[in-house]
Amino acid sequence: MRWSCRRPLRRLLNFIRNKQSYNLRCLSVISLLVCVLVYIVVYIFLLDSTVIDTQYVNAVDQSVLNNRVDFHEMAILKLCSNRTSRCYSVYDRKSTLNGEEVVERHLLVDGFSDESDTVVRLVAPNGETFDTSDTRIWAIDHSAIRSDYVNITVVELDPVVVEIARSWFGVMESKNHHVVVNDGLKFIEEAGKSGSKFDVVVLDACDEAIRSPCPGAAFRNVKVIEMMKSVLTSTGVLEITGTMLFIPLMGTEEY
C-alpha cells in the first residue's frame with residue numbers, strides 16, 4: 001500500500017474548517033505553521049550546504065567531495081580513447097586572482113600533464129565557493145569569448161575529446177559552430193576537392209614525439225602545407241601551433 005501525506009493533511013484542514021471554536025481553530029492554524037517552520041529549519045538550514053547533482057554523483061568518490069575543504073584541485077573524470085589509445089583527464093582547480101577566488105576547468109592529456117590542453121573559467125552559483133559546492137554543476141563562463149558572428153568548424157580526430165568538450169567544457173554546436181569528427185588531413189583534402197575556402201586555418205595537432213610534438217609529423221611536409229594553402233582565401237592566414245622540447249643528452253649538460 002502506498003502511503004501519501006495528502007489524506008492526513010486533507011483531514012487536518014477539514015478538522016480546522018469544521019471546528020466551531022474560534023480559539024481552537026486559531027490554535028490549529030498556528031500548530032500547522034510551526035510544523036512548516038520546523039521543516040524549513042531542519043531540511044534547509046541544518047543540512048549540509050554542499051550542492052550535489054545526482055547526475056554526476058558517481059563521477060568521483062563521494063568522500064573526496066565531502067572532505068576536500070582547502071583542496072585546490074578536484075578530479076572530475078578520466079576517459080581513454082579506443083581510437084588513439086590516449087587518455088584524458090578533467091580537473092577543476094581553485095586559484096586566487098586579485099584577492100578573489102577563481103575556479104577553472106582543465107583538460108589534461110596523458111603524457112603532457114605539465115600543461116593544460118584546454119582551460120575554461122567556471123561560474124559559481126550565487127553565494128557558493130569551491131569548498132561548499134559541487135563544481136561539476138557550475139556553468140561555463142563564456143563572457144570572455146564573443147564569436148557569434150564567426151563561422152567556426154572544428155575538426156577533431158578523437159571522439160572522446162568531443163564527448164569531454166560537450167559534457168564538461170560547454171561546447172555547443174549551432175549554425176555557426178560546427179564539430180566534425182574526422183582526420184584533419186582527410187578533412188583538408190576533401191575541402192580542397194570541394195572548393196571550400198577559409199579565412200583562417202589553425203593547425204593545433206600534436207603527436208607523441210619527444211623533441212618536437214607539435215605539429216605532428218604527419219603535417220610537417222610540403223604537400224600538406226600546400227593543401228592547407230589551397231583552402232585559404234586570398235587574404236587567408238595559416239596559424240600553426242609549434243612546440244619543441246630541448247632535452248639534455250645523457251652524461252652532458254648540452255642542449
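Residues numbered from 1 in each chain as written. Predicted model: local features only at pLDDT ≥ 70, side-chain atom pairs only at ≥ 80, totals over all residues. Heavy atoms only, no water.

Draft legend 1. Main features of the overall build of the protein chain. Of regular secondary structure, the protein chain possesses 6 helices and 9 strands. Here the protein chain holds 255 residues, and 24% of them are scored as buried. Considering only residue pairs separated by 6 or more positions, the protein chain has 54% of its internal contacts joining residues 24 or more positions apart. Put simply, the protein chain shows about 18,200 Å² of open surface, and 56% of that area lies on carbon and sulfur atoms. (Helix = DSSP H or I, 4+ residues; strand = E, 2+ residues; numbered from the N terminus. Buried < 20%, exposed > 50% of the residue type's maximum accessible area, 1.4 Å probe, protein only. Contact = heavy atoms within 4.5 Å. Areas by Shrake-Rupley, 256 points an atom, 1.4 Å probe, with all protein chains shown as cover.)

Draft legend 2. Focus on the state of the cysteines. If you walk through the whole model with that rule in mind, you get 2 disulfides. A sulfur-sulfur separation of 1.9 Å characterises the disulfide bridge that pairs Cys80 with Cys87. Judged by the sign of its S-S torsion, about 105°, the bond between Cys80 and Cys87 is right-handed. Cys87 gets classed as buried once you look at its relative accessible area, which sits at 16%. Two residues share a disulfide in this structure: Cys206 and Cys214, whose sulfurs sit 1.8 Å from each other. On the S-S bond that ties Cys206 to Cys214, the torsion sits near 105°, and the link is right-handed. (Disulfide = S-S within 2.5 Å.)

Draft legend 3. Molecular detail of the pattern of salt bridges. With the rule as written, the count across this model stands at 8 salt bridges. With its nearest N and O atoms 2.7 Å apart, the salt bridge here joins Arg105 to Asp92. Placement of the pair is Arg105 in strand β3 (residues 100–109) and Asp92 in strand β2 (residues 87–97), with a sequence separation of 13 residues. A relative accessible area of 2% means that Arg105 is categorised as buried. (Salt bridge = Lys/Arg side-chain N within 4 Å of Asp/Glu carboxyl O.)

Draft legend 4. Quick look at the packing of aromatic side chains. A complete count under the given rule lists 1 aromatic pair for this structure. Aromatic side chains Phe187 and Phe198 sit 6.4 Å apart centroid to centroid with 45° between the ring planes, which places their arrangement in the tilted category. One end of the pair, Phe187, is in helix α5 (residues 184–194); the other, Phe198, is in strand β8 (residues 198–203), and 11 residues separate them in sequence. Judged by relative accessible area, which is 18%, Phe187 ranks as buried. Take Phe198: its relative accessible area is 23%, and that puts it in the partly exposed class. In this structure, Arg93 is placed above the aromatic ring of Tyr91, and the distance from its NZ or CZ to the ring centre is 5.7 Å. (Phe/Tyr/Trp six-rings, centres within 6.5 Å; stacked < 30°, edge-to-face > 60°. Lys NZ or Arg CZ within 6 Å of the ring centre and 35° of its normal.)

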